[in-house]
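Observations on chain architecture
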Amino acid sequence: MLKNFWYACHRGAAISSSPVALELLGRRFVLFRGPDGRVTALDDRCPHRGAALSRGTVEAGALVCPYHGWRFDGGGRCLAIPAHGDDAKIPERAHLQPYDVEERHGLVWLFIGDLPPAERPPIPPLPEYGDPAWRAIDGEFLWHAHYTRVVENGLDFAHAPFVHRNSFGNPARPRVDDYKVELGEWSGSAYAELVAPPPGGLWSLFLPKDRPPVKTRVGFFMPNLTRLDLELAGGKMKMVIFSTNIPIDEHRTLTRWTMLRSFFKGAWADANSRTRTHQIFLEDQPIVESQRPHAAPDPADEISVKSDAMPLAFRKLHRQCHERGWTLPPASPELRLFSITPPR
């Protein structure tokens, strides 16, 4: 797993003044919204006796431990030890580690790492979010799989005709034409045309039986984000699926996805869109969870062909991050705390 990136970890609308527990990268955090409306992220472990602070409360903007009532402000500073009275001396080790937080695209982003702000990879753009020309819905999906396998699955053109034969894949037209990968410093994308089967259900009312190729662009943003762009009906209907594939730990990944569409913008179409998006994940799930080794290995340890160019581009950048020394040390299975201190 990697440090020195912004991780989109939760929906902003789900964070209020009540503490929310978060598992990320094998660690535990607590999130809450302070009186100023900003989200605070701290380690979810009281330094006194190890109680989960997410089981506590927020009072006057301070996080209160449920065990002995110790109070912490949004910067992690211990404010009070009730058993010792108002004049208690606060031990230096009583303070918690805070994490930098941003809110973008309806998501809460935590910076995990030790780079100063000017050197951090940026939060990726999502210009369609909040644009009235697009309708947004969201959801989540849990995988018992390593996040690298989940990310690579979202970049794989060639699996669609087989894994998704019952939704949008066309097993009669499995060929993937040669495509070019466009690389950025922290991202990659590629464009291809896929031949879809005849439309069914609601789509049959709007799409011709002999459908033109679906213009498809897949992309990733390091370390765990994917974006899928689809152009339907000759470009008249557009869809974006933006996914943050959250590494809970080495064995579980939680995908929080946002689907945006430029058509059927009424709420009446949301349930159908959500069902279809969820169905895609259900089709992928048994395959991705069956992959071995659990995490995506070095490219030399698997056979790759030219249609694998996008997953290989992701592996290349992933490897470069490890070579930079951005490998996150394993978390203690009991404490689940970081050993790094972010810059102030």
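Residues numbered from 1 in each chain as written. Predicted model: local features only at pLDDT ≥ 70, side-chain atom pairs only at ≥ 80, totals over all residues. Heavy atoms only, no water.

Some thoughts on the overall build of the protein
Under the convention used in this document: Going along the chain from the N terminus, every DSSP run of H or I of four or more residues is numbered as a helix, and every run of E of two or more is numbered as a strand. C-alpha atoms define the radius of gyration, and 2.2 Å times the number of residues to the power 0.38 defines the globule rule. Only protein chains enter the accessibility calculation, which uses a 1.4 Å probe. A residue is then buried if its area is under 20% of the maximum for its type, exposed if over 50%, and partly exposed in between. Residues are treated as being in contact if the distance between any of their heavy atoms lies within 4.5 Å.
When its secondary structure is counted, the protein shows four helices and 18 strands. In terms of overall size, the protein behaves like a compact globule, its C-alpha atoms giving a radius of gyration of 22 Å where 344 residues would be expected to give roughly 20 Å. Projected onto its principal axes, the C-alpha positions of the protein cover 80 × 50 × 35 Å. With 344 residues in all, the protein has 49% of them scored as buried. The long-range fraction of contacts in the protein, counting pairs at least 24 apart against all pairs at least 6 apart in sequence, stands at 61%.

Some remarks on helix H3 (residues 270-290)
Worth spelling out the cut-off: In this analysis, the expected span of each helix is defined as 1.5 Å times one less than the number of residues it contains. In this analysis the local bend is the angle between axes fitted, respectively, to the seven residues ending at and the seven residues starting at the residue.
For H3, built from 21 residues, the straight-helix expectation of 30 Å at 1.5 Å per residue is met to within 8% by its first-to-last C-alpha distance of 31 Å. By the largest-angle criterion, Asp-284 marks the main kink of H3, which is about 35 degrees, and a proline, Pro-286, follows within four residues. Among all positions of H3, only Asp-270, Ser-273, Thr-277, Phe-281, Glu-283, Asp-284, Gln-285 and Val-288 are buried. In this structure, the buried side of H3 is in contact with strand E12 (135-143), helix H1 (147-153), helix H2 (160-163), strand E17 (237-247) and strand E18 (253-261).

Considering the nonpolar core
Inclusion rule: In this text, buried Ala, Val, Leu, Ile, Met, Phe, Trp, Tyr and Cys residues form a nonpolar core when linked through side-chain atoms within 4.5 Å.
Ranked by size, the top nonpolar core spans 55 residues in total, and within it Leu-24, Leu-110 and Met-222 carry the most contacts. For this core, the element with the most residues is strand E11 (residues 107-112), which contributes six residues. The next biggest cluster of nonpolar side chains, apart from the first, holds 19 residues, and it includes Val-214, Ile-241, Trp-257 and Phe-263.

Overview of the environment of Glu-128
What counts, and what does not: Polar contact is the term for a pair of N or O atoms within 3.5 Å; when the atoms are in protein, one must be able to donate a hydrogen and the other to accept it, and sequence-neighboring residues count only if both atoms are side-chain atoms.
Mapped onto the fold, Glu-128 is located in the loop between E11 and E12. With relative accessibility at 12%, the residue Glu-128 sits in the buried group. A sequence separation of 52 residues divides Glu-128 from Gly-76, and the C-alpha atoms of the two residues are 35 Å apart. Setting aside its immediate chain neighbours within four residues, Glu-128 contacts Trp-134, Arg-227, Val-240 and Leu-260. A distance of 2.7 Å separates the side chain of Glu-128 from the side chain of Arg-227, its partner in a polar contact.

As for the sheet that holds strand E15 (residues 214-221)
Formally: Strands pair, by our definition, only if DSSP identifies at least two bridges between them. Axis angles are defined between N-to-C directions and span 0 to 180 degrees, where every axis is a line fitted to C-alpha atoms and, for a helix, only to the segment in contact.
With antiparallel pairing, the seven strands of this open sheet are ordered in space as E12-E18-E17-E16-E15-E14-E13. Both edges of this open sheet fall to E12 and strand E13 (181-183), since each of them pairs with a single strand only. For this sheet, the mean angle separating the axes of adjacent strands, direction not counted, is 15 degrees. In terms of strand pairing, E13 meets strand E14 (residues 187-194) through three bridges, oriented antiparallel. Note on E14: the bridge partner recorded for Val-181 is Ala-190. Contacts from H3 reach E12, E17 and E18 within the one sheet, and its direction differs from that of E12 by about 25 degrees. Where helix H4 (residues 309-323) meets the sheet, it contacts E13, E14 and E15, and its direction lies at approximately 10 degrees from that of E15.

Looking at the side chain of Thr-253
Relative to the assigned elements, Thr-253 resides in strand E18. Apart from the residues within four sequence positions on either side, Thr-253 is in contact with Phe-141, Leu-142, Trp-143, Ala-145, His-146, Tyr-147, Val-150, Asn-245, Ile-246 and Ile-248.

Overview of the pairing of strand E3 (residues 27-33)
For E3, the tally of buried residues reaches six of seven residues, placing the bulk of the element in the interior. The hairpin formed by strand E2 (residues 20-24) and E3 contains two residues between the paired strands, and Leu-25 there has a positive phi angle of roughly 60 degrees. Pairing between E3 and strand E4 (residues 39-43): five bridges, direction antiparallel. Bridging across to E4, Leu-31 finds its partner in Ala-41. Following E3, the chain reverses through five residues before pairing antiparallel with E4; Gly-37 in that reversal takes a positive phi of roughly 90 degrees.

Looking at the pattern of salt bridges
Side chains bearing opposite charge may pair, as long as their charged atoms lie close to each other. Which entries qualify depends on this criterion: By convention in these notes, a salt bridge is any Lys or Arg side-chain nitrogen within 4 Å of a carboxyl oxygen on Asp or Glu.
Summed over the entire model, instances satisfying the criterion amount to 19 salt bridges. Across the pair Lys-306 and Asp-178 runs a salt bridge, and its minimum N-O distance is 3.1 Å. Linking Lys-306 in the loop between H3 and H4 with Asp-178 in the loop between H2 and E13, this pair joins segments that are 128 residues apart in sequence. Residue Lys-306 shares its accessibility class with Asp-178, and that shared class is exposed. Measuring nitrogen to oxygen at the nearest pair gives 2.9 Å for the salt bridge that ties Asp-249 to Arg-252.

Quick look at the packing of aromatic side chains
This is how it is decided: We call Phe, Tyr and Trp rings a pair once their centres come within 6.5 Å, taking the six-membered ring for Trp, and we label the pair stacked below 30 degrees between planes, edge-to-face above 60, and tilted otherwise.
A complete count under the given rule lists 14 aromatic pairs for this structure. Measuring from ring centre to ring centre gives 5.5 Å for Trp-186 and Trp-326, while their planes differ by 20 degrees; the resulting arrangement is stacked. One end of the pair, Trp-186, is in the loop between E13 and E14; the other, Trp-326, is in the segment after H4, and 140 residues separate them in sequence. Trp-326 sits in the buried class, given a relative accessible area of 7%.

Let's talk about H4
Residue pairs spaced three or four apart in an α-helix point in one direction, given the helix's 3.6 residues per turn. Taking 1.5 Å of rise per residue, the 15 residues of H4 would be expected to cover 21 Å, and the 21 Å separating its terminal C-alpha atoms lies within 8% of that figure. Restricting attention to buried positions, one finds in H4 the residues Met-310, Pro-311, Ala-313, Phe-314, Arg-315, Leu-317, His-318 and Cys-321. Residues of H4 that are buried in the fold lie against strand E1 (5-11), H1, E13, E14 and E15. Looking one or two places after H4, you find Gly-325, whose phi comes out positive at around 90 degrees.

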